[in-house]
Amino acid sequence: RGEGKRLEREERRGERGLEERRCTEGLRNLVGVGLEGEREGKGREGMKRKMRRLVGLVALATLALATPGVEAQLLSDLAEAAENLLVRPLEAAWDATFGKAPDAAGTVYLELLPNATETGALCLDGSPAGYWFREGWGDGKDKWLVHLEGGGACYSMEDCYERSKTILGSSKQWAQTRSDRSSQIFSADPKENPDFYNWNLVDVAYCDGASFSGNVAEPITVNGEEIYFRGKNILEATVWHLKYGKGMTFATDVVLAGCSAGGLATLLHADWFETRLGPSVKNYKAISFSGFFPDTPNFQGEPWYPSVMKYVYEMQQVDIHSPGCLADNMNEQYKCFFAQNQYRHIKTPVFLANSVYDMYTISVIYNVSQQTIPENENNLVVPYLNDKSRSLWDLISWTGTWWAGKNGGFLHTCFTHCAGCLTDSGWSGVKVDGMSLRDYLGLWLRNQVARTREPCVYTLGEPFQCNPTCPPL
């Protein structure tokens, strides 16, 4: 009996050894194919061979885990083969179909426009223009938010020369990556930004000094250096690169937006921008943040802003595609460079987000500050600002554009600028009739009624601010 048991044990060991050798040999053969990756070939037959090997790989992996004698290195090779045959192709297919989600910081990456010299897409100093980009994913893969940055304007040749030495006139010092475009309307968090979180994000850098509108063919020499006024070329080249370099030619939804000078550019170029999009676009809209700068004298009664805007229009040979506005102002076409005149003629569905007490408008256009108002005139400031806020409301609400069913708006009284796209409070904290800018935008994007009522006015004494959800003055 003892001898019989010994022979039985040896027979079992022999069977296990044979099983291990067969498993090892099979795994080596299959793993070799998996590691080489492409031996199966392409097309339908190649896919069939790959699937058969994949099924075999799973079966042998199960056997290998139950077989004590399989070498550790072979198991490691087995894992790599599985990744080549299954994991990597699936990841690639997912990214190709649905896009790749961004990192936690929502980082955007700089893209300088190629062939900028040939296309004329040059900043003030002649360096190539560009944009920061984050790819969309999921059901936002074919949806695009194109945001035009702001940053004031240069109002003279000398001013533009000085500006050409900064990031508002040159791309030479632009960051390769940015994480400051990761909140509010740029956020990749669906809770913070439910409508745009997974869209393709394009943040177009502002470096021309005239709201992406200049169109001077030859450079201008200032202080012995060449300055370029090519804002419209930048916009044209950007659209072309997005379509044929980034896939916007397949877009289904596009929203053009902008803040400050970019908000004005949005109003100026929204109709033109649509003509550059492909036939696949089914939904196109525009959003202007803090871009409605009124054509008005300042607190001192001087027509400073109208005069400098006329000068910029002529200096940069501003190019605006707005037949209706240009026809209405045949003898003074520079007036189409003002938001109030362009807004009346815009045909694109547009959402206007603006404060009727806008910080930039008050400090620059109205010229109201502690340094510019004599102490004996301080009591005149709030009544003046209230009167200007009523005038701004009238400029907007007396147009058919404001009340058109396809349009919307969020007019508030916060002493802020570009708050909707750049600060948390302006995006979701400030409320009008219990709803934030984010709420109104969401309704408008779904073609529902989304416009605020006539804003309140400041009190003559503290706290002045009539909307308690605004930041304190």
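Keep in mind the model is a prediction, meaning the values are calculated, not measured.

About the thresholds
Residues numbered from 1 in each chain as written. Predicted model: local features only at pLDDT ≥ 70, side-chain atom pairs only at ≥ 80, totals over all residues. Heavy atoms only, no water. Salt bridge = Lys/Arg side-chain N within 4 Å of Asp/Glu carboxyl O. Helix = DSSP H or I, 4+ residues; strand = E, 2+ residues; numbered from the N terminus. Buried < 20%, exposed > 50% of the residue type's maximum accessible area, 1.4 Å probe, protein only. Pairing = 2+ DSSP bridges. Disulfide = S-S within 2.5 Å.

A. Region of the structure containing the pattern of salt bridges. On inspection of all chains with the given rule, the structure shows 13 salt bridges. Notably, a salt bridge pairs Arg178 with Glu149, separated by 2.9 Å at the nearest N-O pair. In this pair, Arg178 is assigned in strand S4 (residues 177-178) and Glu149 in the loop between strand S3 (143-148) and helix H5 (157-163), connecting sequence segments 29 residues apart. Neither Arg178 nor Glu149 differs from the other in exposure class; each is buried. Residue Glu454 is joined to Arg390 by a salt bridge in which the shortest nitrogen-to-oxygen separation is 2.4 Å. In this pair, Glu454 is assigned in the segment after helix H16 (437-445) and Arg390 in helix H12 (residues 381-397), connecting sequence segments 64 residues apart. One network of salt bridges, with partners in common, ties together Glu149, Arg178 and Asp203.

B. Here's a closer look at the pairing of strand S11 (residues 408-412). The element S11 is extensively covered by neighbouring structure, given that five of its five residues are classed as buried. Side chains of S11 alternate between two faces, with Gly408, Phe410 and His412 and Gly409 and Leu411 buried alike. Pairing between strand S10 (residues 350-355) and S11: five bridges, direction parallel. Bridged to Ser355 within S11 is His412.

C. Structural view of the state of the cysteines. Counting across every chain of the model gives six disulfides. The disulfide partner of Cys154 is Cys160, and the S-S distance across this bridge is 2.1 Å. Classification of the bridge connecting Cys154 and Cys160 rests on its S-S torsion, roughly 85°, and on that basis the disulfide is right-handed. By the burial criterion, Cys154 is buried, and Cys160 matches it. Across the chain, the disulfide pattern expressed with sequentially numbered bonded cysteines is 1-4, 2-3, 5-9, 6-7, 8-12, 10-11.

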